[in-house]
Amino acid sequence: MVHQYKWRELNILLDVHSGAVHVVEPVVYDTVALYETKSSGELIEALSPAYGVELAQEAVEAVATLVADEMLFTKDEYADILPAVSRRNPVVKALCLLVAHDCNLQCEYCFAEEGEYHMAGARGLMSAETGKKAIDFLVKNSGKRRNLEVDFFGGEPLMNMGAVKEIIAYARSIEKANNKHFRFTITTNGMLLNDEIQEYVNENMDNIVLSIDGRKEVNDRVRKRRGGQGSYDVIVPKFQQMAESRNQDNYYVRGTFTRYNLDFANDVLHLADLGFKQVSVEPVVGDSNLVYTLREEDLPALYAEYDRLADELHSRAGTEKDFNFFHFMIDLAGGPCVAKRLVGCGAGTEYLAVTADGSFYPCHQFAGLDDFKMGDVDTGVTNAEMRAEFERCHVYAKDACRDCWCKFYCSGGCAANAYMTNGSIFKPYDIGCKLQQKRTECAVALKAAQMGDGADA
């Protein structure tokens, strides 16, 4: 399978099953488009009126060589190794601790319902004791894996910093004896961020995610305080200080765009122009009946925004205005391992969410949904059937993914988004798929452009 498309002056060929990316001359691009349907003679005859016999023959020979070298139209060998991947019995390597089922903002699109997570009246804070039990579970169930990840999430986790500090101190105290190393991340809306917390985060957290949606009018429309006031003016200087204190690394400002701001590239560029070098602005996912959710008819406008962002990043590369956009960051040389390409984030198997009462769910977006409860910190994972279902949730188990050129870049997409929009973790969110395809095209094109015309990646 070969996916081909054009970006700027580049003609790009992406060989799906080898991962090879080729930037080629127009004659080669057109040859590949016809290659599987015509013989060599028919190809030369079809291409000659536009390119001449000599160039057409050279192009056909070049493509034939790439095919022989398994760099174009490569056979799908991933399906052959799928049984081994399915039997790998993955260990748990990451937990998301929902330390605060409460929030000091009322974001209109919040899937966590301000921390209640589908559990009406369930506001509350995780106890340090529950968090420590979760750490014990992770150590016990991580096998020989040394590097483990713990994400502090909410609601707003800064509302429970006392417990966060105790949990981290406990984890550090048992690292050496268990041959483990913990990486900690925290996601915050920034309202409670201060110098003391900043210092603690910088000393103890490997990463921090700072939630802001972009321009003041965009952010304040959906990210409001309980009194109805916006949050932009409060958080921007705090976030700028945090980013600088981390030398513009190991953090992200992370936003969500909705139907209110289909011109979201302006929000990405606004954040970059505020001085942030690590930016992630992602599409909202929600019930199709909600006024702010994205629709099929919005896709052309959204595609244009991603193209505009790619153009802007290309022009800013190597300048003081350069920045990283999360969805355009892609590793063509190595990339994720085979298992990761097939099964994605590992929700429900390698990664679990822990609610304030100590219950396990496949990820934070499933928290509070009774059908997806997998156990708790006292009993461990007891819902083996649910775990097995998520283990089966790979790209070849999804009809929409099996023949999609983008499947090894998104690994089948987000299971939670699939369930929330289609009622099944095996039926991906269609709009999300189309946006992922566009982002991947832009990301690959940017990498190809960096390598220069005519270069292969």
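In case you missed it, the structure is sitting above this.
Residues numbered from 1 in each chain as written. Predicted model: local features only at pLDDT ≥ 70, side-chain atom pairs only at ≥ 80, totals over all residues. Heavy atoms only, no water.

(A) Inspection of the overall build of the protein at higher detail. Tallying secondary structure elements over the protein gives 17 helices and 18 strands in all. Its C-alpha atoms put the protein at 75 × 50 × 45 Å along the principal axes. Residues classed as buried in the protein amount to 52% of the 457 residues present. Sequence-distant contacts, at least 24 apart, represent 71% of the contacts inside the protein between residues at least 6 apart. Of the roughly 20,000 Å² of accessible surface on the protein, a fraction of 48% belongs to carbon and sulfur atoms. (Helix = DSSP H or I, 4+ residues; strand = E, 2+ residues; numbered from the N terminus. Buried < 20%, exposed > 50% of the residue type's maximum accessible area, 1.4 Å probe, protein only. Contact = heavy atoms within 4.5 Å. Areas by Shrake-Rupley, 256 points an atom, 1.4 Å probe, with all protein chains shown as cover.)

(B) Fine view of helix α9 (residues 232-245). Here α9 is 14 residues long and its end C-alpha atoms lie 20 Å apart, about the 20 Å a rise of 1.5 Å per residue gives. Three or more residues of α9 are buried, namely Tyr 232, Ile 235, Val 236, Phe 239, Met 242 and Ala 243. Buried residues of α9, seen end-on, are gathered within an arc of 135° and therefore sit on one face of the element. Facing away from the buried side of α9 by more than 90 degrees, the exposed set consists of Asp 233 and Glu 244. (Expected span 1.5 Å × (residues − 1). Arc of directions from axis to C-beta.)

(C) Summary view of the packing of aromatic side chains. All chains considered together, the criterion is met by 14 aromatic pairs. With a centroid separation of 6.3 Å and an interplanar angle of 75°, the aromatic rings of Phe 372 and Phe 390 are classed as edge-to-face. Of this pair, Phe 372 sits in the loop between β16 (359-361) and β17 (375-376) while Phe 390 sits in helix α13 (residues 384-391); the two residues are 18 residues apart in sequence, bridging distant segments of the chain. On the basis of relative accessibility, which here comes to 7%, the residue Phe 372 falls in the buried class. When the ring of Phe 372 is compared with that of Tyr 419, the centres are 4.7 Å apart and the planes differ by 75°; the resulting orientation is edge-to-face. (Phe/Tyr/Trp six-rings, centres within 6.5 Å; stacked < 30°, edge-to-face > 60°.)

(D) Local environment of the environment of Arg 259. Looking at the element boundaries, Arg 259 is found in the loop between β12 (251-257) and α10 (265-273). Residue Arg 259 is classed as partly exposed on the basis of its relative accessible area, which comes to 24%. In this structure, the C-alpha to C-alpha distance between Arg 259 and Val 284, residues 25 residues apart in sequence, is 8.4 Å. Once residues within four sequence positions are removed from consideration, Arg 259 is found in contact with Val 291, Tyr 292, Thr 293, Leu 294, Arg 295, Glu 297 and Asp 298.

(E) View of the packing of helix α11 (residues 299-316) against helix α17 (residues 430-451). Between α11 and α17, whose axes approach to 10 Å, the crossing angle comes to 20°. Relative to α17, α11 is oriented roughly parallel. Considering how the two elements wind past one another, α11 and α17 form a crossing that is right-handed. For the pair α11 and α17, contact is made by Leu 299, Leu 302, Tyr 303, Tyr 306, Asp 307, Ala 310, Leu 313 and His 314 and by Ile 431, Lys 434, Leu 435, Lys 438, Arg 439, Cys 442, Leu 446 and Ala 449, respectively. Residues of the contact of α11 with α17, tallied by class, amount to 11 nonpolar, one polar and four charged. (Axes fitted to C-alpha atoms, helices over the stretch in contact; angles between N-to-C directions. Parallel < 35°, antiparallel > 145°, perpendicular 65-115°, else oblique. Left-handed = near helix turned anticlockwise from the far one by under 90°. Nonpolar A, V, L, I, M, F, W, Y, C, P; charged D, E, K, R; others polar.)

(F) View of the layout of surface pockets. Size it by volume and the second largest pocket reaches roughly 290 Å³. Lining the second largest pocket are 13 residues, with Asp 322, Phe 323, Asn 324, Leu 446 and Gln 450 positioned closest to its centre. Looking at the lining of the second largest pocket, the elements that each hand over two or more residues are α11, β14 (324-325) and α17. For the lining of the second largest pocket, the leading source of residues is α17, giving three residues. Of the residues belonging to the lining of the second largest pocket, the class tally is eight nonpolar, three polar and two charged. (1 Å grid on protein atoms, 1.4 Å probe; cavity = no way out; pocket = protein on both sides within 12 Å on 5 of 7 lines; lining within 4 Å. Points joined across faces, edges and corners; volume = space filled by probe spheres on them.)

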